[in-house]
Structure formats: C-alpha cells, structure tokens
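Structural characterization, general
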Amino acid sequence: MKLDYMPPPADLADYVSAFYLFEAELDELNDIERADIAQFRVVLAGSATVTFSDGRAQDFAGASLFGPRVGASKITARGPVMRLFGCGVLPAGWALSIRKPAYQSVNKIIEADALLAAAFPDLLERLATCSTLEDMTALTVACCRSHYAQADTRPIFFVRTVDAWLESSMVPLISDLEAKTGLSQRQIERLANHYYGAPPKVLIRKYRALRAANSIANESGQWQDFIDTAYYDQSHFIREIKEFIGMTPSAIRDAKSPLSMLAFGRARLAGSVAPLVSTT
C-alpha cells in the first residue's frame, strides 16, 4: 500500500493543495481518514465507501468531490487492487470550480461526472489511459490552468488572509482576523462558511488538531508539548484529536492507522506547498 504526492505548479497553488495516487493490493481495508479540505478523487480500480462521523455512508463514485470534512471518517476500500487518483481542493479552488457554498457540502460526497464533463471535458476518459502519477498530474494541471485562467480571483485575498491567520498560531485570535481583513466578525463567519465550510472557531479547532497530529506522526513533537499552550488539559487534547483525527495521540505515535500515516507523509512537501498544507 502506498500513497505518492506531487505538489501543484506555482500558478495553481491557490487552488490545489497537492496531487496524489493511492495504490494497494488488498481484499478489503478498513481504516480512518482525518478531517480535511475538499478533495477530488477518481477511482481507477477497486471500490470504496466512506462513513462519516454521523454514521451516514456513501460510496465513492467513479469521480467524486468530497466536501470539506470537519470530523474524522471511516474508509472501507475493496480490491483485489485499489487505485485512486486525486487532489486536495483548496477553498478558492472550490469556490471557483464548484460555485456552490462549501457549507452545503460538508461531510458529503458529490458525484462529479456531470459537473466535470462541463468544466473539464474528457478528463475522466483521459485519466483512465494514464499509468503514472506524473502523467495524471500533467493532464489535470492542463485542465485546471484552462479553467482557472478565466476565474474570478476575488476569493483569493480572503482565503490567503485566513490561511496566514491559521498558520500564525495554534490558537489565533478572531480579533486579529478582523483587523487583517477589515471585516466584521459576522462578515468573516459568512465568508468562512462559504469558502471553508465552517466558521472561524471550528477552523481553529480543526487545524489545531491537524497540526498537532502531524507533529506527533512525524515525530517533531511530544503530544504533551501541546498541553497548556494549545489545549486546556490532557482530556481536552485527547478529545479534540479523536474528533478530528479519529484516534488518540498515542495511537498516532504508534502508527495504528496505516492510511493516516501515509497521509501525514504530505509533510515531505514542505517548501513546495503552502505551510498550511505541509503542516497538516
């Protein structure tokens, strides 16, 4: 089982976090997937089902758009061979591709075939003929460039500002975001729901948990280091990590979830992607 990543070219870095190819030989895999940004995924072989935190299950379509997730979910993949290509869709990319408020698609899968047929003609058929991540990425990059060249860039300022705010601290102050954007708290909440699928207070909790878990997984921090500085106490820390990552801090350190450990390998893209991508 392996998960390989490729960073996006600089001109798409506001829209796509990273491209990836997951490949495994298995009869069935039952694992956990953390909360994350929206995802575009194409199943090239095998099948898969996601069960969200509320117990609702959805099958992956041939091409699927995952809305932003604000809680850990369970993944069941079936072989004998599982092969899946995808990319993370950043908030600006979602806004300019899907043209639907992100909060309406939180913890949901949207069948993407019809939507992509209009925005990216022949993409799915051409991806099926590719054999490597490099080829799949090059094809998708070309389609994205054509699409985003005509896009409205107005969401980018707000998204860049929110991302920098989330990167600035494990517990950033909303008053700082008001000062940086010149917007009221109510305006910020409306725009954050529209682009990220959640209000700022939920984004703080989500990205704080993702950053802490990434540090633990990559052995760049002891989980006790986050007590007092980012979390009230040990029980608060464990509870938040379980909600957004799906397991305890000790289970992360002990690599109890193979799929999660592969996903935390995105840290190796540091320097070629935005800090909020490589640190989560």
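Quick look at the structure, then. (Residues numbered from 1 in each chain as written. Predicted model: local features only at pLDDT ≥ 70, side-chain atom pairs only at ≥ 80, totals over all residues. Heavy atoms only, no water.)

**Brief notes about unusual backbone geometry**
Working note: non-glycine residues mostly have negative phi, and peptide bonds are mostly trans. What counts here: By definition, any uninterrupted DSSP run of H or I lasting at least four residues is a helix, any uninterrupted run of E lasting at least two residues is a strand, and each is numbered from the N terminus.
Cis rather than trans, the peptide bond between glycine 79 and proline 80 has omega equal to 20 degrees. Following the sequence through the fold, proline 80 ends up in strand S7 (residues 73-89). Phi at asparagine 107 is positive, roughly 55 degrees, even though this residue is not glycine. Relative to the assigned elements, asparagine 107 resides in the loop between helix H1 (91-97) and strand S8 (109-111). Look at alanine 255: it is not a glycine, yet its phi comes out positive at around 55 degrees. Within the secondary structure layout, alanine 255 lies in the loop between helix H10 (249-253) and helix H11 (258-263).

**Concerning helix H4 (residues 133-148)**
Rule in force here: Take the number of residues in a helix, subtract one, and multiply by 1.5 Å to get its expected span. Three labels apply to residues, based on accessible area from a 1.4 Å probe with only protein chains included: buried if under 20% of the type maximum, exposed if over 50%, partly exposed otherwise in between.
Here H4 spans 22 Å end to end across 16 residues, near enough to the 22 Å set by a 1.5 Å rise per residue. Taken together, the buried positions of H4 are occupied by Leu133, Met136, Thr137, Leu139, Thr140, Val141, Cys143, Cys144, His147 and Tyr148.

**Overview of the pairing of S7**
Each regular strand displays side chains that alternate between the two surfaces of the sheet. For clarity, the threshold we go by: We treat two strands as partners when DSSP finds at least two bridges between them.
A large share of S7 lies buried, amounting to 12 of its 17 residues. One ladder, built from 8 bridges, connects strand S2 (residues 16-25) with S7; its direction is antiparallel. Bridge pairing in S7 links phenylalanine 19 to cysteine 87. Relative to S7, strand S4 (residues 38-51) is paired through 12 bridges, and the arrangement is antiparallel. Counted as the bridge partner of valine 50 is isoleucine 75 from S7.

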